[in-house]
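# Remarks on the overall topology
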Amino acid sequence: MRAAHTLATLDEIGSGDHVCQLLGPADDVMDRSRAFVADGALFGDKVVIVGSALAAGSEFAPMVLDPSRMDGSLLAAVRREAASAGREGFRSLRVLHHVTPGAGSGRPEQLLRSELDLEEFAADSGALVVCAYSGAGWDASTLEQIRCVHPHHLGSRPASPAFQVYRTGKDGWTVDGVIDSDGAAAFGAILRTLLAQTATVRLLCRDLEFFDAAGMSALADAARRLPDRKVVLEGTNETVRLAWELSGFAAPAVPVVMTP
């Protein structure tokens with residue numbers, strides 16, 4: 001069973017992990033990449049580095065995918081690499097994704113979609129994915145959304161966000177932590193992104209500690225946004241279900257189902 005946790009070093013990562021690493025100004029991208037490549041060689045994993053800055057003229061060039069020159073999506077590219085890793089005799093695939101503002105990362109909603117795809121890919125394939133965010137130009141709300149869809153955190157700001165949404169099994173997403181007015185916008189954006197791809201989104205909420213009116217409103221708005229979509233929350237406690245009803249959201253117009 002996958003579970004969220006904060007990491008002290010890259011040495012703690014394992015198969016199926018999806019890590020958000022926030023790089024500080026003093027962090028050396030090349031040194032981080034060398035350590036990642038060395039660990040891949042140690043464990044017999046194929047290593048792929050995603051990042052325009054390392055695509056040409058670097059020691060890592062043969063293993064770099066340049067997002068600006070990629071044929072199709074990042075998800076399709078790493079899936080191809082995972083398939084070839086198995087044929088080539090590697091134990092698994094390791095992906096180091098260097099993400100900088102404006103460097104092929106796309107709009108915030110595209111970046112969030114890509115990160116949810118990578119989270120699903122890591123969980124379902126057993127690949128190890130580290131997303132290293134560097135640069136000071138990130139919009140705070142975008143970065144908060146991105147942090148919330150990584151179950152593991154590492155770097156200059158390693159503390160986990162107030163809540164997290166991460167893949168559990170083949171058809172569900174665990175939600176843990178606290179969803180209040182500070183995180184409601186990020187929660188709504190994540191749900192809208194998931195619902196755009198899936199008719200029914202299943203959220204496992206046994207580790208959800210608190211869910212206030214702002215979070216519930218974000219849930220209701222996201223569920224109503226697209227036709228023929230539904231959100232199922234499993235493992236909700238009695239307090240959450242009662243608050244949902246008292247807030248007036250338990251209505252046919254809001255396609256949300258809450259179960260114990």
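This text goes with the structure placed above it.
Note that the coordinates shown come from a computational prediction; the quantities given were computed from them, not determined experimentally.

Glancing now at the overall build of the protein chain. Within the protein chain, the secondary structure is distributed over seven helices and 13 strands. In terms of overall dimensions, the protein chain has a C-alpha envelope of 60 × 40 × 30 Å along the principal axes. Every one of the 260 residues in the protein chain was classed for burial, and the buried ones make up 50%. In the protein chain, 71% of the contacts between residues at least 6 apart in sequence involve partners at least 24 apart. Surface accessibility of the protein chain: about 11,900 Å² in total, with carbon and sulfur atoms responsible for 52%. One way to put it: in the protein chain the 24 positive side-chain charges average out to a point 6 Å from where the 33 negative ones average out.

With 58 residues, the main nonpolar core has Y133, L203, F211 and L219 as its most contacted residues. The biggest single contributor to this core is helix 5 (residues 184-195), with seven residues. Excluding its chain neighbours within four sequence positions, the residues that come into contact with L203 are W173, V175, F187, L191, V231, V232, L233 and E234.

Bringing the pattern of salt bridges into the picture now. Throughout the structure, instances matching the rule amount to 13 salt bridges. In this structure, E81 engages K46 in a salt bridge whose closest nitrogen and oxygen atoms are separated by 2.8 Å. With E81 in helix 2 (residues 74-87) and K46 in strand 3 (residues 46-50), the pair connects residues that are 35 residues apart, well separated along the chain. Here E81 and K46 have matching classes, each one buried. Close ionic contact of D221 with R224 constitutes a salt bridge, the shortest N to O distance being 2.8 Å. Taken together, the residues span about one helical turn, with D221 and R224 both in helix 6 (residues 213-225) at a distance of three residues. Within this structure, D45, R91 and R94 form a network of salt bridges that share partners.

Let's shift gears to the packing of aromatic side chains. Aromatic ring pairs are reported here in terms of the distance separating the ring centres and the angle at which the planes meet. For the structure on display, the rule yields four aromatic pairs. Pairing F187 with F211 gives two aromatic rings, centres 5.8 Å apart and planes at 85°, and the pair type is edge-to-face. Of the two residues, F187 is situated in helix 5 and F211 in strand 11 (residues 208-211); the sequence distance between them amounts to 24 residues. As far as the burial class goes, F187 and F211 line up, both buried. Of the aromatic side chains, those joined through ring pairs into one cluster are F163, F187 and F211.

Before going further, it helps to spend a moment on the pairing of strand 5 (residues 93-99). The element strand 5 is extensively covered by neighbouring structure, given that seven of its seven residues are classed as buried. Alternating residues of strand 5 divide into L93, V95, H97 and V99 and R94, L96 and H98, and every residue in both groups is buried. With five bridges connecting them, strand 3 and strand 5 associate as parallel partners. Of the residues in strand 5, the one forming a bridge with I49 is L96. Bridging between strand 5 and strand 6 (residues 128-133) involves six bridges; their strand directions are parallel. Within strand 6, the residue paired with H98 across the bridge is A132.

Turning our eyes to something else, we now look at helix 7 (residues 238-246). Here helix 7 starts with a cap whose side-chain oxygen sits 3.1 Å from the backbone nitrogen of T239, and that cap is N237. The positive-phi residue at the C-terminal boundary of helix 7 is G248, with phi of around 85°.

With respect to the helices and strands, R167 occurs in strand 8 (residues 163-168). Within polar-contact distance, the side chain of R167 engages the side chain of E120 at 3.3 Å. Once residues within four sequence positions are removed from consideration, R167 is found in contact with R2, E119, E120, A123, D124, G172 and W173.

This next bit is on unusual backbone geometry. A positive phi is found at D228, a non-glycine position, where the angle reads about 60°. Mapping D228 onto the fold places it in the loop between helix 6 and strand 12 (230-234).

The rules behind each value
- Residues numbered from 1 in each chain as written.
- Predicted model: local features only at pLDDT ≥ 70, side-chain atom pairs only at ≥ 80, totals over all residues.
- Heavy atoms only, no water.
- Helix = DSSP H or I, 4+ residues; strand = E, 2+ residues; numbered from the N terminus.
- Buried < 20%, exposed > 50% of the residue type's maximum accessible area, 1.4 Å probe, protein only.
- Contact = heavy atoms within 4.5 Å.
- Areas by Shrake-Rupley, 256 points an atom, 1.4 Å probe, with all protein chains shown as cover.
- Lys, Arg positive; Asp, Glu negative; His and termini not counted.
- Charge placed at Lys NZ, Arg CZ, Asp CG, Glu CD.
- Core = buried A, V, L, I, M, F, W, Y, C linked by side-chain atoms within 4.5 Å.
- Salt bridge = Lys/Arg side-chain N within 4 Å of Asp/Glu carboxyl O.
- Phe/Tyr/Trp six-rings, centres within 6.5 Å; stacked < 30°, edge-to-face > 60°.
- Pairing = 2+ DSSP bridges.
- Polar contact = N/O pair within 3.5 Å; in protein donor to acceptor, adjacent residues only side chain to side chain.

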